[in-house]
Amino acid sequence: MIRDDLSNKLIHLTKGSYEEASSIFLKILNSKKLLGSNADIRGKSKVICFSEAPINKLGYILAQPNAHNFRYAPFGIMLEKAYLFKKGARPVIYQTEDEFKLLKEEQQFRHVKFDLDKNVDWTWEREWRIEAAELDLEEKHVTMIVPDRIWEEKFKDDHHSRLSRANLVTLGFGAGMVGKLKWHFIVLEDLGVQIPK
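Here the structure is a predicted model, which is why all the values come from computation and not from measurement.

The next point concerns the nonpolar core. With 43 residues, the main nonpolar core has F50, F75, I77 and F155 as its most contacted residues. When neighbours within four sequence positions are excluded, I77 is seen to be in contact with L10, I11, H12, F25, I28, L34, L137, V142, T143, M144 and I145.

Set out below in structure tokens:
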């Protein structure tokens, strides 16, 4: 790595209030899927959005969300950029509305409005998109992002309880212990970033 503002990872953060975002994150963890959306997307495609900003840079933005009009919460997933690139993820194209019509239909999902004359600039998000209705998450490729160790333990405990109940229903009281959660976590608090609740 030559510069500290570059990363070989892509990050997908959840949106909403702290409670909403953590609930969405738990659904992602349990389903092992990211779901695509066409909200605010030009063209007809469903996409899944990521940022290529390094986690330490996003951490500081998450610590001061009001300063940046940031709509994301400190829960998400991180994947290798090369892994997602092979699946079709690409950087968005920041351009004016007039330039949108120059894109072929199959590339329109990559358009993000950019117009300095109108003070519209989302380039700091460093967004990438993959055209997909859903993306299966393989544990070996995923790092989960949580604000602090309390949340890491909460998600691990929830996972264990859920699988224990499923084991009990499926195998009865003779069921063995449930395996350890295999997801890897990165804790923003450990990076020295205190996230407001």
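Our focus in this paragraph is the pattern of salt bridges. Counting across every chain of the model gives ten salt bridges. We note a salt bridge from E80 to K9, for which the minimum N-O separation is 2.4 Å. Of this pair, E80 sits in strand β4 (residues 72-80) while K9 sits in strand β1 (residues 9-15), and the two are 71 residues apart along the sequence. With a closest N to O distance of 2.3 Å, R42 and E97 form a salt bridge. Pair noted here: R42 is in the loop between β2 (33-35) and β3 (47-51) and E97 is in helix α5 (residues 97-100), with a separation of 55 residues, a long-range link. Via salt bridges that share partners, K33, E134 and D136 belong to a single interconnected network.

As a further point, take the pairing of β1. Every other side chain in a regular strand lies on the same face of the sheet, so the side chains alternate between the two faces. With five of seven residues buried, β1 lies mostly within the body of the structure. One ladder, built from six bridges, connects β1 with β4; its direction is antiparallel. Residue pairing in the sheet places K9 in a bridge with E80 of β4.

Moving on to the packing of aromatic side chains. Applying the stated rule across the entire model yields eight aromatic pairs. Between the aromatic rings of Y18 and F75, the centroid separation amounts to 5.4 Å while the plane-to-plane angle is 70°, which identifies the pairing as edge-to-face. Of this pair, Y18 sits in helix α1 (residues 18-31) while F75 sits in strand β4, and the two are 57 residues apart along the sequence. Considered together, Y18 and F75 belong to a single accessibility category, that of buried residues. Between F75 and W151 the ring centres are 5.1 Å apart and the planes differ by 80°, which places this aromatic pair in the edge-to-face class.

Judged by how many residues are buried, β3 sits mostly within the fold: four of five residues are covered. Relative to strand β8 (residues 127-131), β3 is paired through five bridges, and the arrangement is antiparallel. Looking at the pairing, V47 lines up with E131 of β8.

Bringing α1 into the picture now. Between the first and last C-alpha of α1 there are 20 Å, a value that for 14 residues agrees with the 20 Å anticipated at 1.5 Å per step. By the burial criterion, the buried members of α1 are Y18, A21, S22, F25, L26, I28 and L29. End-on view of α1: buried residues confined to an arc of 160°, all on one side of the axis. Residues of α1 that are exposed and point over 90 degrees away from its buried face: E19 and K27. A positive phi of about 60° marks K32, the residue just after α1.

What follows is about the environment of V112. Within the secondary structure, V112 sits in strand β7 (residues 111-113). Between the C-alpha atom of V112 and that of E127, which follows or precedes it by 15 residues, the distance is 9.1 Å. Among all residues touching V112, those that are not within four sequence positions of it are V92, I93, Y94, Q95, W122, E127 and R129.

What follows deals with the environment of V193. Residue position: V193 is located in the segment after β11 (184-187). Taking the C-alpha atoms as reference points, V193 and N56, 137 residues apart in sequence, are found 8.4 Å from one another. When sequence neighbours within four positions are dropped, the list of residues in contact with V193 reads G59, Y60, A63 and L188.

About the cut-offs
Residues numbered from 1 in each chain as written. Predicted model: local features only at pLDDT ≥ 70, side-chain atom pairs only at ≥ 80, totals over all residues. Heavy atoms only, no water. Core = buried A, V, L, I, M, F, W, Y, C linked by side-chain atoms within 4.5 Å. Buried < 20%, exposed > 50% of the residue type's maximum accessible area, 1.4 Å probe, protein only. Contact = heavy atoms within 4.5 Å. Salt bridge = Lys/Arg side-chain N within 4 Å of Asp/Glu carboxyl O. Helix = DSSP H or I, 4+ residues; strand = E, 2+ residues; numbered from the N terminus. Pairing = 2+ DSSP bridges. Phe/Tyr/Trp six-rings, centres within 6.5 Å; stacked < 30°, edge-to-face > 60°. Expected span 1.5 Å × (residues − 1). Arc of directions from axis to C-beta.

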